[in-house]
There are 2 protein chains.
Amino acid sequence: MLPKYKVVYEDMKNKLKNHVYESNEKIPDGGSLAIDYGCSKLTVAKALDLLVQEGMLIRRQGSGTYVKENFPSRTTIDLEHLSGYSKKFGKKHLKSTVIEFSIITPTTEIAKRLNIIDEFVYKILRLRSVDNIPQILEETYMPIYVIPGLKEKHLEESIYDYINNELGFKIQSAHVSIRGEKANSNDKKHLNLTDYDFVMEIEKIAFLENGKIFEYSKTHHKYESFEFNTVLVNNI
Amino acid sequence: MLPKYKVVYEDMKNKLKNHVYESNEKIPDGGSLAIDYGCSKLTVAKALDLLVQEGMLIRRQGSGTYVKENFPSRTTIDLEHLSGYSKKFGKKHLKSTVIEFSIITPTTEIAKRLNIIDEFVYKILRLRSVDNIPQILEETYMPIYVIPGLKEKHLEESIYDYINNELGFKIQSAHVSIRGEKANSNDKKHLNLTDYDFVMEIEKIAFLENGKIFEYSKTHHKYESFEFNTVLVNNI
DNA sequence: AAGTGGTCTAGACCACACT
DNA sequence: GTGTGGTCTAGACCACTTG
């Protein structure tokens, strides 16, 4: 059962996508929408505030709620396909090649990122290719006690599907850093790069809903196929 | 007069920074905090939800609200110093050199981004240096009818200060894309780069609270001094 | 069963924009 | 003055976890 504010949110989002309300247009006021949807004004406000965060609306006290001009069509950020390649390529032609899959004692740095002491972790090195062209080199560490039973077959498909569907865990959030780096020897080898090439590095610490860190990863992307989009909103 | 939920938000944020509540610790429940702060539970929830968005707390239905382990010390994103260099360098040693400042008829592409027709725009090319080392090359376009009266002296300091303090406008949001690019001829010239160097490109469309787009910019950063940090939270 | 967060209401009052 | 969004309350009920 979807809560009401999400019903309103989804409906408004569709109306915006389908240009029921146009760029720069003022949408009906909160009171009217509350009557239309049969809910309170606060519920409408909660829904519209989500769309403000996503960069589709502007709400002006004393004036009204307006559709942003020119707003980019932006899908909800997907934690797995964070980097944007799923938008460009789709899942169909994406292939994962496992380069290394082992259980190790983590280095001090990795243990610190995962916030663990005296725990073993999976080390996973994967190459992800689109139409057989290597695009992403992925180095992932996960504590085995948080994600038990991970097998190589899961790596060839989606680790996140295993966590969500088979283990029944949900992902709460991810803290990411994005930067550029010169290609290292692994990058050159697996992504077919040269001394003068560079990659986009995404460093990520990911949390489950139970509060546990389940993943620390560094992902190297060919720069040509990487772009990160976001909306920054002045809240506070 | 700060609204109550922001008072609660600021107070809780300070408590987290000062380790009044430790990593992984459960903080008091919403009802207790409401009594402590002399407000309703909803007001507490609104404050705590902000901290969830910022990656400092996790709220688990049926369980409680917990301090995230290992959470990065993250300052609120600053739209001007978005790129993170202000954190690294501070404002003190930052210098701006104006390379070009003119009023032009925008290209079709720029007019499209700014969502204008038949309007003149400022074109601004600035080089920003830290301790006299050039770090950032900035190409900015602003419609003159949105930002009237901009002078060269404002460019040497902060355009945003002019907009906020002298014009009295507030910035609502910015839509940004981040990617890596090979250094172009301008980059090589002004950032002292070579054929084999690359830069981080930030493309930005920025909105005022009145809904108008006031800026379209492309900023090129030396990759060594650029990092973008964010927290992605599963909301919906 | 008890505790906690999530959703929702109906209404109130305020701050602000526009006319 | 009228309309709009922003804040806030007191309380209700539900969903979920197990402190």
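Structure report, in brief.

What counts and how
- Residues numbered from 1 in each chain as written.
- Chains lettered and ligands numbered in written order.
- Predicted model: local features only at pLDDT ≥ 70, side-chain atom pairs only at ≥ 80, totals over all residues.
- Heavy atoms only, no water.
- Helix = DSSP H or I, 4+ residues; strand = E, 2+ residues; numbered from the N terminus.
- Buried < 20%, exposed > 50% of the residue type's maximum accessible area, 1.4 Å probe, protein only.
- Contact = heavy atoms within 4.5 Å.
- Areas by Shrake-Rupley, 256 points an atom, 1.4 Å probe, with all protein chains shown as cover.
- Near = heavy atom within 4 Å.
- Polar contact = N/O pair within 3.5 Å; in protein donor to acceptor, adjacent residues only side chain to side chain.
- Pairing = 2+ DSSP bridges.
- Axes fitted to C-alpha atoms, helices over the stretch in contact; angles between N-to-C directions.
- Buried area = accessible area lost by both parts, 1.4 Å probe.
- Salt bridge = Lys/Arg side-chain N within 4 Å of Asp/Glu carboxyl O.

**Section: the overall build of chain A**
Here is step 1: Each helix and strand in chain A was counted, giving 8 helices and 10 strands.
Here is step 2: When the 236 residues of chain A are sorted by exposure, 51% land in the buried category.
Here is step 3: At a minimum sequence separation of 6, the contacts of chain A that also span at least 24 residues come to 59%.
Here is step 4: Here chain A displays about 11700 Å² of accessible surface, and carbon together with sulfur accounts for 48% of that area.

**A look at unusual backbone geometry**
Here is step 1: Even without glycine at this site, Asp131 of chain A takes up a positive phi of about 50 degrees.
Here is step 2: A relative accessible area of 48% places Asp131 of chain A in the partly exposed class.
Here is step 3: Phi at Asp118 of chain B takes a positive value of approximately 55 degrees, unusual for a residue other than glycine.
Here is step 4: Structurally, the position occupied by Asp118 of chain B is in the loop between helix H5 (108-114) and strand E5 (121-130).
Here is step 5: For Asp118 of chain B, a relative accessible area of 79% translates into the label exposed.

**Some remarks on the protein's contact with DNA strand D**
Here is step 1: Surveying the vicinity of DNA strand D reveals 26 residues, the closest of which are Lys4, Ser40, Thr43, Gly62 and Ser63 of chain B.
Here is step 2: The share of sugar and phosphate among atoms of DNA strand D within 4 Å of the protein is 73%.
Here is step 3: For DNA strand D, a phosphate oxygen lies 3.1 Å from a polar atom in the side chain of Thr65 of chain A.
Here is step 4: Measuring from a base nitrogen of DNA strand D, one finds a backbone N or O atom of Gly64 of chain B at 3.4 Å.

**Remarks on the sheet that holds strand E2 (residues 57-60) of chain B**
All names here are of chain B.
Here is step 1: Within the open sheet, the 3 strands sit side by side as E1-E3-E2. Their pairing is antiparallel. Edge positions in the sheet fall to strand E1 (26-27) and E2, since each of these pairs with one other strand and no more.
Here is step 2: As paired elements, E1 and strand E3 (residues 64-67) share 2 bridges and run antiparallel to each other. For Lys26, the partnering residue across the bridge sits in E3 and is Tyr66.
Here is step 3: In this fold helix H3 (residues 41-53) packs onto E1, E2 and E3, with an angle of close to 125 degrees to the strand it touches most, E2.

**Thoughts on the protein's contact with DNA strand C**
Here is step 1: Around DNA strand C there are 22 residues in total, and Lys4, Ser40 and Thr43 of chain A together with Gly30 and Gly62 of chain B lie nearest to it.
Here is step 2: In DNA strand C, atoms within 4 Å of the protein come 80% from sugar and phosphate.
Here is step 3: Within the contact set of DNA strand C, a phosphate oxygen lies 2.3 Å away from a backbone nitrogen or oxygen of Lys4 of chain A.
Here is step 4: At 2.8 Å from a base nitrogen of DNA strand C is found a main-chain nitrogen or oxygen belonging to Gly62 of chain B.

**Comments concerning the interface of chain A and chain B**
Here is step 1: Across the boundary between the two partners, chain A contributes 58 residues, which contact 58 residues of chain B.
Here is step 2: Taking both partners together, chain A and chain B bury about 4800 Å²; carbon and sulfur atoms supply 56% of that area.
Here is step 3: Taken together, the links from chain A to chain B amount to 2 salt bridges.
Here is step 4: A salt bridge links Glu227 of chain A to Arg179 of chain B; the nearest nitrogen and oxygen atoms lie 2.7 Å apart.
Here is step 5: Across the contact surface, chain A and chain B share 23 residue pairs in polar contact (both at pLDDT 80 or more).
Here is step 6: Ranked by the residues each element gives to the side of chain A that touches chain B, the list is headed by strand E7 (residues 171-182) of chain A, at 12 residues.

**Quick notes on the environment of Ile58 of chain B**
Here is step 1: The residue Ile58 of chain B is located in strand E2 in this model.
Here is step 2: Sequence separation between Ile58 of chain B and Gly30 of chain B is 28 residues; the distance between their C-alpha atoms is 13 Å.
Here is step 3: If we ignore the near neighbours within four places in the chain, the residues touching Ile58 of chain B are Gln172, Phe207, Leu208, Glu209 and Gly211 of chain A together with Gly64, Thr65, Tyr66 and Lys68 of chain B.

**Considerations on helix H2 (residues 30-37) of chain A**
Here is step 1: In this structure Asp29 of chain A caps H2 of chain A, since a side-chain oxygen of it lies 3.0 Å from the backbone nitrogen of Gly31 of chain A.
Here is step 2: Of the residues one or two after H2 of chain A, Gly38 of chain A is the one with positive phi, at around 65 degrees.

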